[in-house]
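# Fold and geometry: a report
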Amino acid sequence: MKKNPETDIHAIKEKLAYYCAYQDRCHWDVEKKLDEFFLIPEVRDDILLYLIRENFLNEERFAMSFARGRFTQKNWGKIKIKIELKKRQINDRLIAQGLAEIDDKDYYDTAEKLIEKKAASLNEKNLYKKNQKIIRYMLQKGYEYDVIKTFLGDD
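In this report, we go over the structure that sits alongside the text. (Residues numbered from 1 in each chain as written. Predicted model: local features only at pLDDT ≥ 70, side-chain atom pairs only at ≥ 80, totals over all residues. Heavy atoms only, no water.)

### Here's the deal with the side chain of Glu84
Tracing the chain through its elements places Glu84 in helix α5 (residues 78-87). Within the local environment of Glu84, its side chain forms a polar contact with the side chain of Lys87, the two groups lying 3.3 Å apart. Not counting residues within four places of it along the chain, the set of residues in contact with Glu84 comprises Phe66 and Trp76. (Helix = DSSP H or I, 4+ residues; strand = E, 2+ residues; numbered from the N terminus. Polar contact = N/O pair within 3.5 Å; in protein donor to acceptor, adjacent residues only side chain to side chain. Contact = heavy atoms within 4.5 Å.)

Quick look at the structure:
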């Protein structure tokens, strides 16, 4: 029995709609997912338009939820969040909007807690070396050097 290509396209639309509804996605994520289906450009564009029109795909919403989620769930700093959003080809305006979702007080409180937790876990007697390890850890988490130094004081 021969398959109907229209039914296949409808099934792909439904699959991608579910993919986007399950978790906010950006165009970059959806483009990568579309690669799995080996579609011609016109059909890809039609599916993307459908996802945008039906509000399954919304870059602004994605940037805001990504920034909020990575900060609250993984305790990432703004630098790491920004890098990850850029990797997903999110524009600077939307990145700024996403980062604005992070409350400054929460940001500093989280940085302080992470630093305290890391300091407690280290068995380093030399204060300079201990601070260097904390700084490296916090930079890797994506926090700004100025924020880190606020809680470490002067070496």
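And the narrative resumes.
### Regarding the nonpolar core
As a rule of thumb, soluble globular proteins bury nonpolar side chains together. Counting residues in each nonpolar core, the largest one holds 27 residues, and the members touching the most others are Ile81, Leu85, Ile90, Ile134, Met138, Tyr143 and Ile148. Listed by contribution, the elements that provide at least two residues to this core are α4 (59-74), α5, α6 (92-100), α7 (104-121), α8 (127-141) and α9 (145-152). Setting aside chain neighbours within four positions, we find Ile148 in contact with Ile115, Ile135, Met138, Leu139 and Tyr143. (Core = buried A, V, L, I, M, F, W, Y, C linked by side-chain atoms within 4.5 Å. Buried < 20%, exposed > 50% of the residue type's maximum accessible area, 1.4 Å probe, protein only.)

### Observations concerning the environment of Asp109
Here Asp109 lies in helix α7. Within the structure, Asp109 has its side chain in polar contact with the side chain of Lys105 (distance 2.8 Å).

### Topic: α5
Along α5, the residues classified as buried are Lys78, Ile81, Glu84 and Leu85. Viewed along the axis of α5, the buried residues span an arc of 130°, placing them on a single side of the element. Of the surrounding secondary structure, the elements contacted by the buried residues of α5 are α4, α6 and α7. (Arc of directions from axis to C-beta.)

### Some remarks on the packing of α4 against α6
Between α4 and α6, the shortest axis-to-axis distance is 7 Å and the interhelical angle comes to 40°. Overall, the two elements α4 and α6 adopt an arrangement that is oblique. By crossing handedness, the relation of α4 to α6 is classed as right-handed. Of the residues in α6, those in contact with Glu59, Glu60, Ala63, Met64 and Ala67 of α4 are Leu94, Gln97, Gly98 and Leu99. Among the residues making up the contact of α4 with α6, the classes are represented as 5 nonpolar, 2 polar and 2 charged. (Axes fitted to C-alpha atoms, helices over the stretch in contact; angles between N-to-C directions. Parallel < 35°, antiparallel > 145°, perpendicular 65-115°, else oblique. Left-handed = near helix turned anticlockwise from the far one by under 90°. Nonpolar A, V, L, I, M, F, W, Y, C, P; charged D, E, K, R; others polar.)

### Side note on the pattern of salt bridges
A side chain with one charge can pair with a side chain of the opposite charge if their charged atoms come near. All told, the structure shown has 12 salt bridges when counted by the stated rule. Here Glu84 makes a salt bridge to Arg88, at a shortest N to O gap of 3.0 Å. A residue is classified by how much of its surface remains accessible, and Arg88, at 14% relative accessible area, is buried. Here the salt bridges do not stand alone but share partners, grouping Glu31, Asp35 and Arg44 into one network. (Salt bridge = Lys/Arg side-chain N within 4 Å of Asp/Glu carboxyl O.)

### Notes on the packing of aromatic side chains
Centre-to-centre distance and the angle between the planes together describe a pair of aromatic rings. For the structure on display, the rule yields 8 aromatic pairs. Consider the rings of Phe62 and Phe66, whose centres lie 5.5 Å apart with planes at 40°: the pair is tilted. Of this pair, Phe62 and Phe66 both sit in helix α4, 4 residues apart, which is roughly one turn of the helix. Each member of the pair Phe62 and Phe66 is classed as buried. (Phe/Tyr/Trp six-rings, centres within 6.5 Å; stacked < 30°, edge-to-face > 60°.)

Just distances and angles here, no functional claims.
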